[in-house]
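# Topology and contacts: notes
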Amino acid sequence: MAWDLIFWVLCFFINIALLASSFYQLLSLSDLEADHLNPFEAATRINSIVLPEFLLQGFFCLSFLLTWHWFMFISTLPITVYHLMLYSNRKHLLDVTEIFRDLNTEKKYRFVKLAVYLLLFTVVLFRLLSASIFFFFAWKFEELDIRTSLFY
């Protein structure tokens, strides 16, 4: 029981990091559009966190696969596959010379990622709360736990 709670706390913090990364990238692109940043600074800021975000997203998806949380695995799989496709085609980094041409598509891509991470945040938060309630009040629900009657 404690492992389930620890897993969802870890997923909560990973999801917070992914949300912050996506929001930071979107904020940098908005600053570039408003001419508060030059293209080199914006591309450097975004490119420095792209690879850690891809790795964290891959770990997030893989952890759901290894713990048999199939709904969460399937909901994180499309963005992970898209990240793998970007990385394998070497299109994961922003080019300083073409950043203004790709600005609208990059902003839309970051908005979609932010929406997906917010949706995942609500599901992870719900699962974290349900795991913590079940963990702290397990003595009241022991007779309702079907796993204990099947495996012990």
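Note that this is a predicted model, so its numbers are computed, not measured. (Residues numbered from 1 in each chain as written. Predicted model: local features only at pLDDT ≥ 70, side-chain atom pairs only at ≥ 80, totals over all residues. Heavy atoms only, no water.)

### Some thoughts on the overall build of the protein
A tally of helices and strands in the protein yields 5 helices and 0 strands. When the elements of the protein are put in sequence order from the N terminus, they spell out α-α-α-α-α. Residues classed as buried in the protein amount to 36% of the 152 residues present. When contacts within the protein are restricted to residue pairs at least 6 apart in sequence, those whose partners lie at least 24 apart make up 79%. Total accessible area computed for the protein in this model is approximately 9,900 Å², and 72% of it derives from carbon and sulfur atoms. (Helix = DSSP H or I, 4+ residues; strand = E, 2+ residues; numbered from the N terminus. Buried < 20%, exposed > 50% of the residue type's maximum accessible area, 1.4 Å probe, protein only. Contact = heavy atoms within 4.5 Å. Areas by Shrake-Rupley, 256 points an atom, 1.4 Å probe, with all protein chains shown as cover.)

### Some details on the UniProt feature "transmembrane region" (unreviewed entry) in the protein
Residues annotated in UniProt with the feature "transmembrane region" (unreviewed entry) correspond here to residues 5–27, 54–82 and 114–139. For residues 5–27, helix accounts for 100% and strand for 0%, while the C-alpha atoms at its two ends are 33 Å apart. Helix makes up 90% of residues 54–82 and strand 0%, and the two end C-alpha atoms of the span are 10 Å apart. (UniProt positions renumbered as here; feature names shortened; annotations may be inferred.)

### Re the pattern of salt bridges
Using the criterion set out here, one finds 5 salt bridges in the structure. Between Lys-113 and Glu-53 there is a salt bridge whose closest N-O contact spans 2.7 Å. With Lys-113 in helix α4 (residues 103–136) and Glu-53 in helix α2 (residues 39–66), the pair connects residues that are 60 residues apart, well separated along the chain. For Asp-102, the salt bridge identified is with Arg-101, shortest N-O distance 3.7 Å. Since its relative accessible area comes to 25%, Asp-102 is described here as partly exposed. What you see here is one network of salt bridges that share partners, running through Glu-98, Arg-101 and Asp-102. (Salt bridge = Lys/Arg side-chain N within 4 Å of Asp/Glu carboxyl O.)

### What to know about the nonpolar core
Residues Trp-8, Cys-11, Phe-60, Phe-64, Met-72, Tyr-117 and Val-124 are the most contacted members of the largest nonpolar core, which totals 22 residues. For this core, the secondary-structure elements that each account for two or more residues are α1 (2–33), α2, α3 (70–88) and α4. Broken down by element, this core gets its largest block of residues, 9 residues, from α1. (Core = buried A, V, L, I, M, F, W, Y, C linked by side-chain atoms within 4.5 Å.)

### Structural notes on the packing of α3 against α4
Look at α3 against α4: their axes get within 11 Å of each other, and the N-to-C directions meet at 155°. Taken together, the axes of α3 and α4 lie roughly antiparallel to each other. As α3 packs across α4, the resulting crossing turns out to be left-handed. Taken together, the residues of α4 that come into contact with α3 (itself represented by Phe-71, Met-72, Ser-75, Thr-76, Ile-79, Tyr-82, His-83 and Leu-86) are Tyr-109, Lys-113, Val-116, Tyr-117, Leu-120, Val-123 and Val-124. Class assignment for the residues of the contact of α3 with α4 results in 11 nonpolar, 3 polar and 1 charged. (Axes fitted to C-alpha atoms, helices over the stretch in contact; angles between N-to-C directions. Parallel < 35°, antiparallel > 145°, perpendicular 65-115°, else oblique. Left-handed = near helix turned anticlockwise from the far one by under 90°. Nonpolar A, V, L, I, M, F, W, Y, C, P; charged D, E, K, R; others polar.)

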